[in-house]
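What the coordinates show
One-letter residues, chain by chain:
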Amino acid sequence: MNQLRFDIPEILSLIGLSQCVYVLVYMLFRAGDIKRALLPFLYFSVLGMAFFFDFSQDFIGAEFRHFGDMRWAAWFMGPPLSVLLIIQIAQISRIPRLFNFWVLFLVPAAYVGAKMATLRAGDCTQLPGCAFYVEMLMVTGLVAGALSMLLIWANRGIMDGLHAERGGKDRYWLILTLVFVNLFFLGTMLLGLSPILGIEQARLIRTCLGIGLVYLTGTSLFRIYPQAMSLIERRNRDMSSDEIGLAKRIEAMIELEKVYHEPGYNRADLARELKIPESVISKVTNIHFGKSLPQILNERRVEDAKRMLRETNAPVKVIAGEVGFNSMASFNRIFRDITAMTPSDYRNSVQEKSE
C-alpha cells in the first residue's frame, strides 16, 4: 500500500492554502458590506488558488495542459490586486475609483505578450513545458508587476494624514507591509531567472513570502475591517432609508461631479441643488461620513491640490482656484491644517524625493 507523502514545498503550500481559506471564511461572517469586502475577498481567493496550484502540481498538473499558465497567473495577479487593496485600505470607507482597475488587465496583457514573443522566436513547437515560454512568462509577469506598483506611486498622496486618523497607524503599517512584500516577491522572481538563485529556489521563497503575507495581512484586516464596517453599519442604523438615499446622492455629487471645485461651494449651495434644508444636510453628512460637510469638501480640495502640486508646475495660486478655494489665505491655512505643511513646502518635499 503506497503512502501519501508530501515534500516541504507542498507542505508549505498546504499551510498557505489553509490560511487563505480561514481568512475567507472569517470574512464571510464578518465582512458586513459586501461591496467593501469584495477586494480583500478576491485578493485572498486568488492567493489561495496560487497555493493550491503549487500544492497540486505533482497530483493534477500533468492532466491539465494550461496548468502552468494558471499557476503563473494566480501568483502574478498578486501585485495588481495588492495595489487596489492598498488604495482601499488607505481610504477605508470607499472602494478604489473605477479607473484604478486598469491594473487588472496587466497580467492578461503579459500572458499575451509572452505567447507572441515565444511564437515569434519559433523555438517551441508546443508552448506548455517550453523553457523559453516559461522564461518569457516570468519576464512579462515581472513587467506587469512593476507597472502595477507604479500605481501606488501615482496615488502616494493617499497615505498623507493616516497617522492622525483613528486606527490610521495600523493601516499605514499594513500598507507598507503589502508594498515591501510585493517588491520582495518581484525581486525574488527576478533572481529566479539568474544562476544566483534559480527558479525552484525562487518559488520556495515565494511560497514562504505568501504565507507570511497572508498571516500579517489577515490578522491586520481582522482588526481594521470589522471596526470600519461596524462603524458604517452603526451610522446607517441611525438614518432612515430616505436619509441613506440622500447620503448616496451627496456622495455621488462629491465623488463624481466634484461640486467642491466650484469656488466657495458650501452647505447652502448643496442644499439649494438638492432642494432640502441645510439642517438635513448637516445631519446626514455628520452621521454618514462622520464629518461635517465643510470638512469633507476641504479634504477633497486638498487631495486634488496635492495631486496638482505633484503632477503639474501650475502656480500655487492657480491651483487654489482650480480646486475651489476663494483665497490664498484660506488655501494655505486649510492645507496646513490637514497636511501639517504649506502647499509650497509640500511641492518642494515631493520634488526632493523624486530627485
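Residues numbered from 1 in each chain as written. Predicted model: local features only at pLDDT ≥ 70, side-chain atom pairs only at ≥ 80, totals over all residues. Heavy atoms only, no water.

Next up on the list: empty space enclosed by the protein. This model, assessed by the stated rule, comprises two cavities of 30 Å³ or more. Looking at the largest cavity, its volume works out to about 130 Å³. Leu47, Trp75, Asn182, Phe185 and Leu213 are, among the 13 residues lining the largest cavity, the residues nearest its centre. Mapped by element, the contributors of at least two residues to the lining of the largest cavity are α2 (34–60), α4 (78–90), α7 (168–191) and α8 (199–237). With four residues, the top contributor of residues to the lining of the largest cavity is α8. A per-class count over the lining of the largest cavity returns eight nonpolar, four polar and one charged. (1 Å grid on protein atoms, 1.4 Å probe; cavity = no way out; pocket = protein on both sides within 12 Å on 5 of 7 lines; lining within 4 Å. Points joined across faces, edges and corners; volume = space filled by probe spheres on them. Helix = DSSP H or I, 4+ residues; strand = E, 2+ residues; numbered from the N terminus. Nonpolar A, V, L, I, M, F, W, Y, C, P; charged D, E, K, R; others polar.)

Okay, the pattern of salt bridges next. Applying the stated criterion across every chain yields a total of six salt bridges. With its nearest N and O atoms 3.0 Å apart, the salt bridge here joins Asp54 to Arg206. Taken together, the residues span a long stretch of sequence, with Asp54 in helix α2 and Arg206 in helix α8 at a distance of 152 residues. Since its relative accessible area comes to 8%, Asp54 is described here as buried. Between Glu278 and Arg267 there is a salt bridge; the shortest N-O distance is 3.3 Å. You can see Glu278 sitting in helix α11 (residues 278–288) and its partner Arg267 sitting in helix α10 (residues 267–274), a full eleven residues away along the chain. Here the salt bridges share partners, and the residues they tie into one network are Asp54, Arg71 and Arg206. (Salt bridge = Lys/Arg side-chain N within 4 Å of Asp/Glu carboxyl O. Buried < 20%, exposed > 50% of the residue type's maximum accessible area, 1.4 Å probe, protein only.)

Before going further, it helps to examine α11. Turning to α11, its buried residues number three or more, namely Ile281, Val284, Thr285, Ile287 and His288. The positive-phi residue at the C-terminal boundary of α11 is Gly290, with phi of around 75°.

Here the focus is the confidence of the model for the protein chain. Confidence along the protein chain averages 81 in pLDDT terms, with 83% of residues attaining 70 or more. Low pLDDT, under 50, characterises residues 227–231; the predicted model gives this stretch four contacts beyond four residues in sequence or across chains. (pLDDT = per-residue confidence, 0-100. Contact = heavy atoms within 4.5 Å.)

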